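# Architecture and fold: a report
Take a look at the letters that make up each chain.
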Amino acid sequence: MPSTVPATAVMTPVPRPWTAMYRLLIAAAAAAAVTADMVVGPPLRVLSHFAIQSNIAVALVLAISARRAWAARSPVPAALTGAVVLYVTIAALVHHLLLTDASPPFSITGTPGTHPLWQSVAGHLLLTAVPLAALLDWLLLTAPASLRLRQAAPWLLYPLAYLAFSLTRGELLPPSATDRYLYPFLDVARHGYKHVLANALLLGLSFYALAILLVAVDHTRPNPIRRRTKTGFRLRPPVG
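Predicted model, so just to flag it, every value in this text is computed and none were measured. (Residues numbered from 1 in each chain as written. Predicted model: local features only at pLDDT ≥ 70, side-chain atom pairs only at ≥ 80, totals over all residues. Heavy atoms only, no water.)

### Concerning the overall build of the protein chain
Rule in force here: Strands are runs of DSSP state E lasting at least two residues, helices are runs of H or I lasting at least four, and both sets are numbered from the N terminus onward. The cut-offs for exposure are 20% and 50% of the maximum accessible area for each residue type, with area from a 1.4 Å probe on protein chains only; residues under the lower value are buried, those over the upper are exposed, and the others partly exposed. It only takes one pair of heavy atoms within 4.5 Å for two residues to be counted as in contact. Note on areas: Shrake-Rupley with a 1.4 Å probe; residue coverage comes only from the protein chains shown.
For the protein chain, the helix and strand inventory stands at ten helices and zero strands. Scanning the protein chain from its N terminus toward the C terminus, one meets helices and strands in the order α-α-α-α-α-α-α-α-α-α. Across the 240 residues of the protein chain, 40% fall into the buried class. Of the contacts formed within the protein chain by residues at least 6 apart in sequence, a portion of 78% connects residues at least 24 apart. Working note: accessible area of the protein chain is about 14,500 Å², and carbon and sulfur atoms make up 69% of it.

### Brief notes about a nonpolar patch on the surface
Rules: To count toward a patch, a residue needs a relative accessible area above 30% and no salt bridge. Like charges then connect within 9 Å, nonpolar side chains (Val, Leu, Ile, Met, Phe, Trp, Tyr) within 5 Å. We count a salt bridge whenever a side-chain nitrogen from Lys or Arg sits within 4 Å of a carboxyl oxygen from Asp or Glu.
A surface patch of nonpolar side chains, about 430 Å² in accessible area, is lined by Val39, Leu117, Trp118 and Val121. No other element matches the three residues that helix H6 (residues 116-141) contributes to the nonpolar patch. Within the fold, leucine 117 resides in helix H6. In this structure leucine 117 comes out as exposed when scored by relative accessible area, which is 63%.

### A word on unusual backbone geometry
Even without a glycine there, the phi angle at alanine 72 is positive, about 60 degrees. Its location among the elements puts alanine 72 in the loop between helix H4 (50-70) and helix H5 (78-99). Residue alanine 72 is classed as buried on the basis of its relative accessible area of 18%. Of note in this structure, alanine 145 is not a glycine but carries a positive phi near 60 degrees. Positionally, alanine 145 belongs in the loop between H6 and helix H7 (152-155).

### Some thoughts on helix H2 (residues 17-40)
For an α-helix the count is 3.6 residues per turn, leaving residues at separations of three or four pointing the same way. Cut-off, in case you're wondering: Helix span is expected to be 1.5 Å times the residue number reduced by one.
For H2, built from 24 residues, the straight-helix expectation of 34 Å at 1.5 Å per residue is met to within 8% by its first-to-last C-alpha distance of 35 Å. Within the span of H2, buried status applies to Thr19, Ala20, Arg23, Ile26, Ala27, Ala30, Ala33, Val34, Ala36, Asp37 and Val40. In this fold, the buried residues of H2 make contact with helix H3 (43-47), H4 and H6.

### Focus: the packing of aromatic side chains
Quick note on the threshold: We call Phe, Tyr and Trp rings a pair once their centres come within 6.5 Å, taking the six-membered ring for Trp, and we label the pair stacked below 30 degrees between planes, edge-to-face above 60, and tilted otherwise. Cation placement over rings: the criterion is NZ of Lys or CZ of Arg within 6 Å of the ring centroid and within 35° of the ring normal.
Going through the model one piece at a time under the given rule, you end up with eight aromatic pairs. Geometry around tryptophan 138 places arginine 221 over its ring, the cationic atom sitting 4.6 Å from the centre.

### Focus: the nonpolar core
For soluble globular proteins, the rule of thumb is that nonpolar side chains tend to be buried together. Counted only if it meets this: Residues enter a nonpolar core if they are buried and are Ala, Val, Leu, Ile, Met, Phe, Trp, Tyr or Cys, with the set joined through side-chain atoms within 4.5 Å.
Counting 43 residues, the largest nonpolar core has Leu86, Trp155 and Tyr183 as its most contacted members. Once you skip the residues sitting within four places of it in the chain, leucine 86 turns out to touch Trp155, Phe207, Leu210, Ala211 and Leu214. With 13 residues, the next largest nonpolar core counts Val61, Val76, Val88 and Val130 among its residues.

### Some points on the pattern of salt bridges
For the coordinates displayed, the defined rule picks out five salt bridges. Measuring nitrogen to oxygen at the nearest pair gives 4.0 Å for the salt bridge that ties arginine 190 to aspartate 187. Taking the relative accessible area as the measure of exposure, aspartate 187 reaches 14% and is therefore buried. Arginine 221 serves as the salt-bridge partner of aspartate 218, at 2.9 Å between the closest nitrogen and oxygen.

### Details of the packing of H4 against H5
Stated formally: With axes taken as lines fitted to C-alpha atoms, and helix axes fitted only over the stretch in contact, angles between N-to-C directions fall between 0 and 180 degrees. We call a crossing left-handed when the near helix sits turned anticlockwise from the far one by less than a right angle, and right-handed when that turn is clockwise. Classification used: nonpolar for Ala, Val, Leu, Ile, Met, Phe, Trp, Tyr, Cys and Pro, charged for Asp, Glu, Lys and Arg, polar for all others including Gly.
Closest axis-to-axis distance for the H4/H5 pair is 9 Å, and the angle between their directions is 145 degrees. For the crossing formed where H4 meets H5, the hand is left-handed. Only Leu80, Val84, Tyr87, Val88, Ile90 and Ala91 of H5 make contact with H4, whose side of the interface consists of Phe50, Ala51, Ser54, Asn55, Ala57, Val58 and Val61. Residue composition of the contact of H4 with H5, grouped by class: eleven nonpolar, two polar and no charged.

### Remarks on the confidence of the model for the protein chain
Let me state the cut-off plainly: A residue's pLDDT is the predictor's confidence in that residue, given on a scale from 0 to 100.
With 88% of its residues at a pLDDT of at least 70, the protein chain reaches an overall mean of 89. Throughout residues 5-10 the model reports pLDDT below 50, and contacts reaching past four residues in sequence, or to other chains, amount to two contacts. Throughout residues 228-240 the model reports pLDDT below 50, and contacts reaching past four residues in sequence, or to other chains, amount to one contact.

Set out below in structure tokens:
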């Protein structure tokens, strides 16, 4: 029969202030970068980007995780942490692999060069620093073997919903709008639906492979937060 004794009755929860501070720093960096882009560019346009939305999710989840680590409470569900790590990693990979050399130059704010320092710092935070920091937090500060393969497919529901949002947004905006399609590989006006949906299918398969890789790494990485506990007695080897 499964035990009904809570884990806290066997092992006293331990506060993790340094972990909490690190997560708060990541959340603050993500929030600051999102705010900077919203100040420079049109807020609705900025908020429509996948990278912005994934960084907002990271900021919220890590802020909650920081509070729980500080108060020695149970961690955020692993499926939620895995999802936001996946999304922010997708945003970073798509930017560095597909958008760095885009023509015309890709810009979240739609006004590249208006505030070079703000836009440069915000871009590096959103698309490089925060994804790396969130990935390191997951690798080094969370318990392993918590993710399940069955979670990989549901994680893709948000990218699928974003694809529907992006295409619907493009249809509702007038053809003269310069920001009708935010990502060049989803530009129906330039490539047509057949080409765009083919791009979306290839990206979706890549995202699913990345989600499976995330689960595989979770089950092979060592436990970075394992602690030796004293039980109050010592086991001796059997006699004879």
